[in-house]
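Architecture and fold: a report
What follows is each chain in one-letter form.
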Amino acid sequence: MVADAKTALSRADKRALYSSELSALVPKGQVLHTDEDLRPYESDGLTVFKRAPLSVVLPATIEEVQAVMRWASSRQVPVVARGAGTGLSGGALPHEDGILLGLAKFNKILELNAEHGYARVQPGVTNLAISNVARPHGLYYAPDPSSQIACTIGGNVAENSGGVHCLKYGLTVHNVLSIDVVTVDGELLTIGAMGCDDAGYDLMALLTGSEGMLAVTVEVTVKLLPVPPVAKLVMAAFNSVSAAGDAVGSVIAEGIIPAGLELMDSPAIVAAEDFAGCGYPTDAAAVLLCELDGTEAEVNAQIGRVSDVFNRCHATALHIAETEDERLLLWKGRKSAFPAVGRISPDYYCIDGTIPRRELSTVLSRMDELSKEFGLRIANVFHAGDGNLHPLILYDASVDGETERTERLGSEILQLCVKVGGTVTGEHGVGVEKINEMCVQFDTDTLNQFHAVKAAFDPAGLLNPGKAIPTLQRCAEFGAMHVHNGQCSHPELERF
């Protein structure tokens, strides 16, 4: 069938045609096309945006993925790859005229090599499953996003996820040795190597965090680290969020790099304590969770130094977890913060921006002002050590106009991050959520280069179209004048 005839087809006819052709490429039952079957795939974790694809195909082998991509390329059909669907930026939002490529069947750990410290896994393996399998060998996988019990390694690669221990051990890109990907035209490539370095361009860094726009990940080789001999957690309470923010910078200035350094403010503390019963001081304005790991001698020495820093920064209380169970319980509260906050508000919207640590106090103070201006509460939970903010805006979607007001507040926070020298995302990705704010962060020349990279991998723009990189027309409609050489010329940002 020629392209003109295909374009003239109704949506129902396209769905029937595509489903029939895809069913010839994969075993029976691996193509979904009814409204009822498609509904679970309408969105990822950002449920504000919903859209049904024409079909969902669930390949189980690399060869099936290649066949689907060759079909899509020949048909010029958009493809959105999806893992567990836990993303929070709309990165897996389907294309209404395309297909959704679900990778849930790619859920096997193919090899664990304890001697050389690596594991080969399929992209549908959950993040936590890798550490669970490696732990009997005294090893673990360092990146640990709060959703690690459900999120998959393929999604981690797509978004370059981090977690509470990324301050010391790095993001996904620092813990992946190689990835196998299928290109838009069905070619299978291996990116990266088992050695410390690889010849040629660093395509690993380019593909990790590319949000499914350049290729489809079908296998990942991750680096496994020895479980630290000792890990201890210090919890410090403060009577203001800005004091806690100042303490973060003071710890790093002391020359100490904690395994994790997390900040929670009062609304998040109360919600997490009510949810997990972990022993948080509910009368504190903010708490810092500071984990130190290594040998017993170095951890004990650092515990003393960190405690001194917190006392100098006017901590109102210090508590050191006495047992491993207590340490894990304190982390459980932090990792349960998102669902816990869901119990105190009908809806919440999670922002993901990153700022220089030195700006923590300034940004937190300004967010408090914005909260009052918009009449919306904010609960703060974030990776303070690396400046990755996760403000949770509490709202009620059933109130007319409140969702739109919430989105405007979220945009103001992201633009504030750019204003102080940060970026619009740390680990959740841009997706469709932050695409307007990309117009604020990057100038025209840079955006053109981004589009050139996309075109080099995907000339027809079939992989995850309309995500992450805005068109210049979109930027013009958003009214962004961009940031040039560190000087902001966007009128809406001047008031920050």
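Residues numbered from 1 in each chain as written. Predicted model: local features only at pLDDT ≥ 70, side-chain atom pairs only at ≥ 80, totals over all residues. Heavy atoms only, no water.

**Quick look at the confidence of the model for the protein**
Per-residue confidence for the protein gives a mean pLDDT of 93; residues scoring 70 or more make up 95%. With pLDDT under 50 throughout, residues 1–5 is counted as low confidence; its partners more than four residues away or in other chains account for 4 contacts. Counted against residues more than four places away or in other chains, residues 481–496, with its pLDDT under 50, gives 42 contacts. (pLDDT = per-residue confidence, 0-100. Contact = heavy atoms within 4.5 Å.)

**Re the sheet that holds strand E3 (residues 79–82)**
Within the open sheet, the 4 strands sit side by side as E1-E2-E4-E3. Their pairing is mixed. The sheet is open, and its two edges are formed by strand E1 (31–32) and E3, each paired on a single side. Strands in contact with helix H2 (residues 11–23) are E1, strand E2 (55–57) and strand E4 (99–102); relative to E2, the strand with the most contacts, it is inclined by about 15°. (Pairing = 2+ DSSP bridges. Helix = DSSP H or I, 4+ residues; strand = E, 2+ residues; numbered from the N terminus. Axes fitted to C-alpha atoms, helices over the stretch in contact; angles between N-to-C directions.)

**Overview of the sheet that holds strand E15 (residues 317–320)**
Spatial strand order, E15-E12-E14-E13-E18-E20-E16: 7 strands in an open sheet with antiparallel pairing. Two strands bound the open sheet, and with one partner strand each, they are E15 and strand E16 (347–350). Averaged over neighbouring strand pairs, the angle between their axes works out to 20° when direction is ignored. For strand E12 (residues 230–238) and E15, the ladder comprises 4 bridges, and the chain directions are antiparallel. Opposite Val234, over in E15, you have Ile320 as the bridge partner. Strands in contact with helix H14 (residues 360–374) are strand E18 (378–382) and strand E20 (391–395); relative to E18, the strand with the most contacts, it is inclined by about 155°. The sheet contacts of helix H15 (residues 402–419) involve E16, E18 and E20, and relative to E20 the element is tilted by about 160°.

**Observations regarding the pattern of salt bridges**
Per the stated rule, a full pass over the model turns up 19 salt bridges. Notably, a salt bridge pairs Glu111 with Arg120, separated by 2.9 Å at the nearest N-O pair. The partly exposed category is assigned to Arg120, whose relative accessible area is 26%. The partner of Glu359 in a salt bridge is Arg358, and the shortest N-O contact between them spans 3.8 Å. Arg358 sits in the exposed class, given a relative accessible area of 67%. Through salt bridges with shared partners, a single network forms among Glu111, Arg120 and Glu219. (Salt bridge = Lys/Arg side-chain N within 4 Å of Asp/Glu carboxyl O. Buried < 20%, exposed > 50% of the residue type's maximum accessible area, 1.4 Å probe, protein only.)

**Here we look at the state of the cysteines**
On inspection of all chains with the given rule, the structure shows 1 disulfide. Here Cys439 connects covalently by a disulfide to Cys475, the sulfurs 2.2 Å from one another. Of note, the bridge from Cys439 to Cys475 carries an S-S torsion of about -85° and is left-handed in sense. Taken as a pair, Cys439 in helix H16 (residues 435–441) and Cys475 in helix H18 (residues 472–478) lie far apart in primary sequence, 36 residues in all. (Disulfide = S-S within 2.5 Å.)

**Side note on the packing of aromatic side chains**
Counted according to the given criterion, the structure contains 5 aromatic pairs. For the pair Tyr140 and Tyr169, a centre-to-centre distance of 6.3 Å together with 85° between the ring planes defines the contact as edge-to-face. Taken together, the positions of Tyr140 in strand E7 (residues 139–140) and Tyr169 in helix H7 (residues 166–169) put the pair 29 residues apart, joining distant regions of the chain. With relative accessibility at 12%, the residue Tyr140 sits in the buried group. On the basis of an interplanar angle of 90° and a centroid distance of 6.1 Å, the ring pair of Phe238 and Phe310 is categorised as edge-to-face. Here Phe238 is found in strand E12, whereas its partner Phe310 is found in helix H11 (residues 296–312), with 72 residues between them in sequence. Comparing Phe238 with Phe310 shows no difference in burial state: the two are buried. (Phe/Tyr/Trp six-rings, centres within 6.5 Å; stacked < 30°, edge-to-face > 60°.)

**Considering the nonpolar core**
Formed by 61 residues in total, the largest nonpolar core has its most connected members in Phe238, Leu288, Phe310, Ile393, Leu409 and Ile413. Setting aside residues up to four positions removed in sequence, Phe238 forms contacts with Ala243, Ala244, Ala247, Ala284, Ala285, Ala286, Leu288, Phe310, Cys313, His314, Ala315 and Thr316. With 27 residues, the next largest nonpolar core counts Leu330, Phe338, Ala340 and Ala379 among its residues. (Core = buried A, V, L, I, M, F, W, Y, C linked by side-chain atoms within 4.5 Å.)

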